[in-house]
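Chain and residue survey
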Amino acid sequence: DKMTIGIANDHRGVKRKKEIIKFLEKKGYKVVNYGTDNSESVDYPKYAFAVGEDISSKRLDFGILLCGTGIGMSIAANKVKDVRCARIDSIKDAKLTRSHNDANVLAISSELNFRKTKRIIETFINTEFSNDERHVKRIEMMSKYEH
């Protein structure tokens, strides 16, 4: 069973998203594109919510969100129940948020250089959650709070 990754973006992330989709498909992942696909200004929260809902309902294994900074997308995605979205711009943080927070959505700046973006995505996807008791407990605390 192929891992399924949802990807969404605002108008500033269209070009980068296309590059990421090509990169992920070449690696054998199933990628679902949530848009937008043109450069007209859009309200990014609706795209973040769409990916978040499909993470929450387990239709997606991971989500990737792109906007100018990645910040707006991450704030919006984290409003969805069971989404743990991290806005990342370093390989170290990509590894730690998977290992410690069991993050399931990655928010990233569409302006980050592509080589680094690819390495961040690979690290995020390939790092397992540690399942350490302290991390499990903290994630459960957050889940209880949002329900």
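Up top you'll find the structure we're talking about.
Parameters at a glance
Residues numbered from 1 in each chain as written. Predicted model: local features only at pLDDT ≥ 70, side-chain atom pairs only at ≥ 80, totals over all residues. Heavy atoms only, no water. Helix = DSSP H or I, 4+ residues; strand = E, 2+ residues; numbered from the N terminus. Buried < 20%, exposed > 50% of the residue type's maximum accessible area, 1.4 Å probe, protein only. Contact = heavy atoms within 4.5 Å. Salt bridge = Lys/Arg side-chain N within 4 Å of Asp/Glu carboxyl O. Core = buried A, V, L, I, M, F, W, Y, C linked by side-chain atoms within 4.5 Å. Phe/Tyr/Trp six-rings, centres within 6.5 Å; stacked < 30°, edge-to-face > 60°. Lys NZ or Arg CZ within 6 Å of the ring centre and 35° of its normal. Expected span 1.5 Å × (residues − 1). Polar contact = N/O pair within 3.5 Å; in protein donor to acceptor, adjacent residues only side chain to side chain.

1. Some thoughts on the environment of valine 80
In this structure, valine 80 sits in the loop between α3 (71–77) and β4 (85–87). Take valine 80: its relative accessible area is 6%, and that puts it in the buried class. Leave out the neighbours within four places in its chain, and valine 80 touches Phe49, Gly52, Glu53, Ser56 and Glu146.

2. Looking at the pattern of salt bridges
Applying the stated criterion across every chain, the model contains ten salt bridges. One salt bridge connects aspartate 82 with lysine 81, and the closest N-O pair in it is separated by 3.0 Å. The partly exposed category is assigned to aspartate 82, whose relative accessible area is 22%. Here lysine 81 falls in the partly exposed class, since its relative accessible area comes to 40%. When salt bridges that share partners are traced, they join Lys15, Arg16 and Glu19 into one network.

3. Brief notes about the nonpolar core
Of all hydrophobic cores here, the largest spans 22 residues; its most connected members are Leu24 and Ile121. Those elements that provide at least two residues to this core are β1 (4–9), α1 (14–26), β3 (62–67), β5 (105–109) and α5 (114–126). If you look at the next biggest cluster of nonpolar residues, it comprises 18 residues, including Ile55, Ala77, Val83 and Cys85.

4. Comments concerning the packing of aromatic side chains
Going through the model one piece at a time under the given rule, you end up with one aromatic pair. Here the basic side chain of arginine 98 rests over the ring of phenylalanine 124, its NZ or CZ set 5.9 Å away from the ring centre.

5. Overview of α5
The end-to-end C-alpha distance of α5 is 18 Å, a good match for the 18 Å that 13 residues give at a rise of 1.5 Å each. Inspection of α5 places Thr117, Ile120, Ile121, Thr123, Phe124 and Ile125 among the buried residues, and these make up the whole buried set. Residues of α5 that are buried sit in contact with β1, α1, β3, α4 (91–101) and β5. For α5, the capping residue at the N-terminal end is asparagine 113, with a side-chain oxygen 2.9 Å from the backbone nitrogen of arginine 115.

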